[in-house]
Amino acid sequence: MWNYHNPVAIQAGSGSLAQLPTLLDGRRALLITFPQAAALGLEARIAQLLGPQLAGIENAVQPNPDVSWLAPMYERVWRRHADIECIVAFGGGSVIDCAKAMLTRTPSGNFDALLAHLRDGAPLSGRDAKTLIAIPTTAGTGSEVTPWATIWDAAAGSKYSLHQTWTWPHAAVVDAQLMLSLPHDITLASGLDALSHALESIWNVNRNPVSASLAAAAARSVVETLPELLRRPGDLALRERMASAALQAGLAFSNTKTALAHSLSYDITLHHGVAHGIACSFSLPHVMALAFGSDAAVDALLLDIFGAVDEQEAIDNLSGFLERLGVSTDPAHYGIAEAWDTLVQRALQGPRGRNFIAAIHS
Ligand SMILES: [Fe+2]
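About the criteria used
- Residues numbered from 1 in each chain as written.
- Predicted model: local features only at pLDDT ≥ 70, side-chain atom pairs only at ≥ 80, totals over all residues.
- Heavy atoms only, no water.
- Helix = DSSP H or I, 4+ residues; strand = E, 2+ residues; numbered from the N terminus.
- Buried < 20%, exposed > 50% of the residue type's maximum accessible area, 1.4 Å probe, protein only.
- Pairing = 2+ DSSP bridges.
- Donors = N, O, S within 2.8 Å, 3.2 Å for Na, K, Ca; no water.
- Tetrahedral: all angles 85-135°; square planar, octahedral: opposite > 155°, others 65-115°.
- Expected span 1.5 Å × (residues − 1).
- Polar contact = N/O pair within 3.5 Å; in protein donor to acceptor, adjacent residues only side chain to side chain.
- Axes fitted to C-alpha atoms, helices over the stretch in contact; angles between N-to-C directions.
- Lys, Arg positive; Asp, Glu negative; His and termini not counted.
- Salt bridge = Lys/Arg side-chain N within 4 Å of Asp/Glu carboxyl O.
- Contact = heavy atoms within 4.5 Å.
- Phe/Tyr/Trp six-rings, centres within 6.5 Å; stacked < 30°, edge-to-face > 60°.
- Lys NZ or Arg CZ within 6 Å of the ring centre and 35° of its normal.

A. Layout of unusual backbone geometry. Positive phi outside glycine occurs at Asp-25, with the angle close to 50°. Locating Asp-25 in the fold gives a position in the loop between α1 (20–24) and β2 (29–33). Take Asp-25: its relative accessible area is 65%, and that puts it in the exposed class. The backbone of Lys-257 shows a phi angle near 65°, a positive value even though the residue is not glycine. Position of Lys-257 among the secondary structure elements: in the loop between α8 (236–256) and α9 (260–272).

B. Fine view of the pairing of strand β6 (residues 148–153). Burial of β6 is extensive: 6 of the 6 residues sit out of reach of the surface. Residues Trp-148, Thr-150 and Trp-152 of β6 are buried on one face, and the alternating residues Ala-149, Ile-151 and Asp-153, pointing to the opposite face, are buried as well. Where β6 and strand β7 (residues 158–163) come together, 6 bridges link them in antiparallel fashion. Bridged to Ala-149 within β7 is Leu-162. With antiparallel pairing between neighbouring strands as the criterion, β6 and β7 make up a hairpin whose turn holds 4 residues, including Gly-157 at a positive phi of roughly 65°.

C. Structural view of the coordination of the iron ion. With distances of 2.2 Å, the protein atoms coordinating the iron ion are Asp-193 (OD), His-197 (NE2), His-262 (NE2) and His-276 (NE2). Viewed at the metal, the 4 donor atoms of the iron ion are separated by angles of 82 to 166°, and the geometry they form is irregular. Expressed as a motif, the donor residue spacing for the iron ion is D-x3-H-x64-H-x13-H. With Asp-193 in helix α6 (residues 184–202) and His-262 in helix α9, this pair connects stretches of sequence that are 69 residues apart.

D. Summary view of α8. Taking 1.5 Å of rise per residue, 21 residues should cover 30 Å, and α8 covers 30 Å from first to last C-alpha, within 8% of that figure. Among the 21 residues of α8, 15 are classified as buried, and the element is accordingly described as predominantly covered. Between the side-chain oxygen at the start of α8 and the backbone nitrogen of Ala-237 there is a gap of 3.0 Å, and the oxygen is on Asp-235. Phi turns positive one or two residues past the end of α8, at Lys-257, with a value near 65°.

E. A look at the sheet that holds strand β3 (residues 54–58). Judged by pairing direction, the sheet is parallel, and its 6 strands sit side by side in the order β1-β8-β5-β4-β2-β3 without closing on themselves. With one partner strand each, in any of the chains shown, β1 (9–12) and β3 form the two edges of the open sheet. Each strand axis lies, on average, 20° off the axis of its neighbour in the sheet, ignoring direction. Sheet analysis places strand β5 (residues 131–136) next to strand β8 (residues 171–174), joined by 2 bridges and oriented parallel. By the bridge assignment for β8, Ile-133 is matched with Ala-171.

F. Highlighting the side chain of Asp-175. Positionally, Asp-175 belongs in the loop between β8 and α6. Buried and without a salt bridge, Asp-175 has Arg-45 as its closest oppositely charged side chain, separated by 4.9 Å. The contact partners of Asp-175, leaving out residues within four places of it in the chain, are Gly-13, Ser-14, Gly-15, Ser-16 and Leu-17.

G. A look at the packing of aromatic side chains. Under the definition given, this model contains 7 aromatic pairs. Relative to Tyr-334, the ring of Phe-282 has its centre 4.3 Å away and its plane inclined at 35°; by these criteria the two rings are tilted. Of the two residues, Phe-282 sits in the loop between α10 (276–279) and α11 (284–291) while Tyr-334 sits in the loop between α13 (311–324) and α14 (340–349), which places them 52 residues apart along the sequence. Comparing Phe-282 with Tyr-334 shows no difference in burial state: the two are buried. The ring of Trp-78 has Lys-130 lying over it, and the distance from NZ or CZ to the ring centre is 4.2 Å. Between the NZ or CZ atom of Arg-352 and the centre of the ring of Trp-148, over which it lies, the distance is 5.6 Å.

Structure representation (structure tokens):
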């Protein structure tokens, strides 16, 4: 028995940003975006589209949303915009995850209650939650079609996942025109994040036929498209293919969650400052080697995606793909001194690690 559920209404295609006023349906919205959106002319574009429906702009989002700056933003949002029904998140995964943390009001309006929920599971009410419309400007995060937000607590050395029924976006607008100016490093890291979401959804105990077909299509498309896109970043057709692949990967892992490669990545991002998309993808060949042998259908799918006749060829092809993009598959390259097997064993115990298909014992 299995089920597949995703409630996000998707508007996609070049120019689909123009649908935003229709999606708001007369409601006013708070825009949450990244600091550079103003200089890129993107804030002005949203302001022009929304006119008086735009109630305010929060643009102090930094990479990897951390409770240290989410707290003052949260309290500002609820002090100034308690009556605004809708939040428009316009940016990469950090912006969309940040917006998810702003959606519901704690009884006091302070962030402390939300932090207590993240740290200890204290109950959180979504009674007056705002509605989220997510507009990704990168092709990778998938956060526009998932209910999770990754929230960091660097001071405590921790990473949390916020997941409530109201943290599903109401709608996602996927417009590749917004991705045309993405720099090389962000195109690469976000594209590899999408590949990781796809593969992690395949070697996952929660997989089902729908998630597997979405994930396989996404993985094939990333492998085929990303190297070409990095050579021709201004090609709209390639941007559209990557946007669709990232969306498919997002839809796949919205129902399976991620697995071992993501579980491994969190400490690497926290302690070594490696961008999420690189931290969760450089280990994919290692993780694929561990995944083989658990399920014949999964093995066959992985061989097919990487055009391989046997496991070693698939692992070599994936490693070669990453290395040709300039991404080292050697943990030592990222300053990781701890024994890899120890890291894997620890990562398998994490919530995402327990989704991994293979039971591995040291
Ligand atoms: Fe990811």
